[in-house]
Amino acid sequence: MPVADYAQYCEMLDRARKGGFAYPAINVTSLTTANAVLKGLADSKSDGIIQVSTGGGAFASGSGVKDMALGATSIAEHVHRAAARYPIYVALHTDHCQADKLATFVMPLLEQTERRRAAGQPNLFNGHMFDGSALPLKDNLEIAVKLLERCKQNEVILEIEVGVVGGEEDGVKASAAAKLYTTPEDTLEVARRFREVPGARYLLAATFGNVHGVYKPGHVKLRPSILKDCQDAAVAAFGEAARFHFVFHGGSGSELSDIHEALDAGVVKMNIDTDMQYTFTRAIADHCFRNYDGVLRVDGEVGNKKIYDPRSYMTIAETAMAARVVRATADLRSAGTTMAQ
Ligand SMILES: [Zn+2]
C-alpha cells in the first residue's frame, strides 16, 4: 500500500489504543534496513512505522555530506516508492530531535512537506518528534505548542517527550540525575497546554524508567503503572478526548509482561532500535566467521566472490532483521491487524 496518509495514520493509532496493541517503530539507516522492516511487517500482516533519527539521516546522506535532513529525505522517498509493493500500511516518522537540531532536521523536512502538499503530493513524513525533555517542562512545551500548530496545518503528527529516557542513543547521553519517571502532573500540563491547538494530534513519550540500549536483567526498573496514572489524571481533568497515545522509548530488552502492561495503558508506538541493530550485525558477523576464507583472501588464495559480495551478507542481514520485526509485532500484538486486509 502507499505510505499511510493522515486519516489512515490517525485510524491506525486509534485502532491500536482501542485494541490494546502497538506498532513497532523501527529505526532505519539505509535502503536495506528499510526493506527489512517492510518485509517483516508484510510477513506478519501488521502495519507499522519506519523512522529515521538525526544520526541515521546523517549516515544515510553519506560520510562526504552528513546532512541529516537529506539522508532522511532519501530514505522517506525510497519508502514512498517501495511501500506500494507491500500489502500493509506504513507510516514515516523522525525520531529524537533536540531543540538545537530543529532548524537543520525537522524544519527542513516540514518545509518539504509544505512544498509537496502545495504541489498535490503526499506528505514526506507522517510524524516528527521534538525532544525537549532536557529542557524545563515549561520551555519544552513552549516550543512544542508552536510546532504542534505548524504540524496541525500540515496534517503531521507531533511526538514529544516529557521525563528523560536514560542511557544513550545517537550519541546523546542522559545525565545520571535525569528524571526517568514522568509524573501525572507533568503529563496533565501537556494535555492542558496542547488544548491551545484544538484538533491537533500528538503522541506522548512519557517515561517510566525506560533506558535506551540493552542492559542485563535487573538494571532497568520499568514502572508502566505510571502510564495508567497519567491517563487517569488527564481523563479526570479534561475528559475522554484527552486520553493519551503513548510512545514507549528504550524498550529493547524489556520483559514481555512490562510491554503488555504498557500496551494496556495506551502505548500505541514502541520504538525499537538497539535490538534491530544487534540482529542485523549478528547475521553479518555469523556470515563472516563461518566463511572466513571466502570473505578474505587468506594466504595467497582469492577468497570467494559470492561470499564477499556485499549483497550476500546484506541479504542475510535483511532477512534476519525482517524476522526480528515479525517477533516485534507478536510481542506488541499488532500481528494480523493490518488495515489493508
Ligand atoms: Zn528514544
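Above: the structure in question.
So, here's what we can say about the structure.

## Side note on the coordination of the zinc ion
Right, on to step 1. Looking at the zinc ion, the protein donor atoms are His-96 (NE2), His-212 (NE2) and His-249 (ND1), and they sit 2.0 to 2.2 Å from it.
Right, on to step 2. Donor residues for the zinc ion, ordered by position in the chain, follow H-x115-H-x36-H. Highlighted residues: His-96 in the loop between β3 (90-94) and α5 (106-118) and His-212 in strand β9 (residues 211-212), separated in sequence by 116 residues. Of the two residues examined, His-96 and His-212, each falls in the buried class.

## Points about the nonpolar core
In summary, soluble globular proteins display a tendency toward joint burial of nonpolar side chains.
Right, on to step 1. In this structure, Val-79, Val-90, Ile-160, Phe-194 and Leu-204 are the most contacted members of the largest nonpolar core, which totals 78 residues.
Right, on to step 2. Take this core: its biggest share by element is eight residues, from helix α4 (residues 68-83).
Right, on to step 3. With 18 residues, the next largest nonpolar core counts Tyr-9, Phe-21, Tyr-89 and Leu-203 among its residues.

## Digging into the pattern of salt bridges
A side chain of one charge can pair with a side chain of the opposite charge if their charged atoms are brought near each other.
Right, on to step 1. Inspection of every chain in the model, using the stated rule, returns 14 salt bridges.
Right, on to step 2. Arg-117 is the salt-bridge partner of Glu-155, the closest N and O atoms lying 3.3 Å from each other. Of this pair, Glu-155 sits in the loop between α6 (137-153) and β5 (157-162) while Arg-117 sits in helix α5, placing them 38 residues apart in sequence.
Right, on to step 3. On the basis of relative accessible area, Arg-117 is assigned to the partly exposed category, the value being 30%.
Right, on to step 4. Salt bridges here are not isolated pairs; linked through shared partners, they connect Glu-142, Arg-193 and Glu-196.

## Observations regarding the packing of aromatic side chains
Right, on to step 1. Tallying each qualifying case throughout the model produces four aromatic pairs.
Right, on to step 2. A centroid spacing of 4.6 Å and a plane angle of 90 degrees characterise the contact between Phe-194 and Tyr-202, whose relative ring orientation is edge-to-face.
Right, on to step 3. A residue is classified by how much of its surface remains accessible, and Phe-194, at 4% relative accessible area, is buried.
Right, on to step 4. Note on Tyr-202: relative accessible area 16%, which makes it buried.
Right, on to step 5. A cation over an aromatic ring shows up here: Arg-223 above the ring of Tyr-181, its NZ or CZ 4.7 Å from the ring centre.

## With respect to the sheet that holds strand β6 (residues 166-169)
Right, on to step 1. Strand order in this open sheet of three strands is β7-β6-β9, and the pairing throughout is mixed. The outermost strands of the open sheet, each flanked by one partner alone, are β7 (172-173) and β9.
Right, on to step 2. As paired elements, β6 and β9 share two bridges and run parallel to each other. Looking across to β9, one finds that Gly-167 is bridged to His-212.

Scoring rules and cut-offs
Residues numbered from 1 in each chain as written. Predicted model: local features only at pLDDT ≥ 70, side-chain atom pairs only at ≥ 80, totals over all residues. Heavy atoms only, no water. Donors = N, O, S within 2.8 Å, 3.2 Å for Na, K, Ca; no water. Helix = DSSP H or I, 4+ residues; strand = E, 2+ residues; numbered from the N terminus. Buried < 20%, exposed > 50% of the residue type's maximum accessible area, 1.4 Å probe, protein only. Core = buried A, V, L, I, M, F, W, Y, C linked by side-chain atoms within 4.5 Å. Salt bridge = Lys/Arg side-chain N within 4 Å of Asp/Glu carboxyl O. Phe/Tyr/Trp six-rings, centres within 6.5 Å; stacked < 30°, edge-to-face > 60°. Lys NZ or Arg CZ within 6 Å of the ring centre and 35° of its normal. Pairing = 2+ DSSP bridges.

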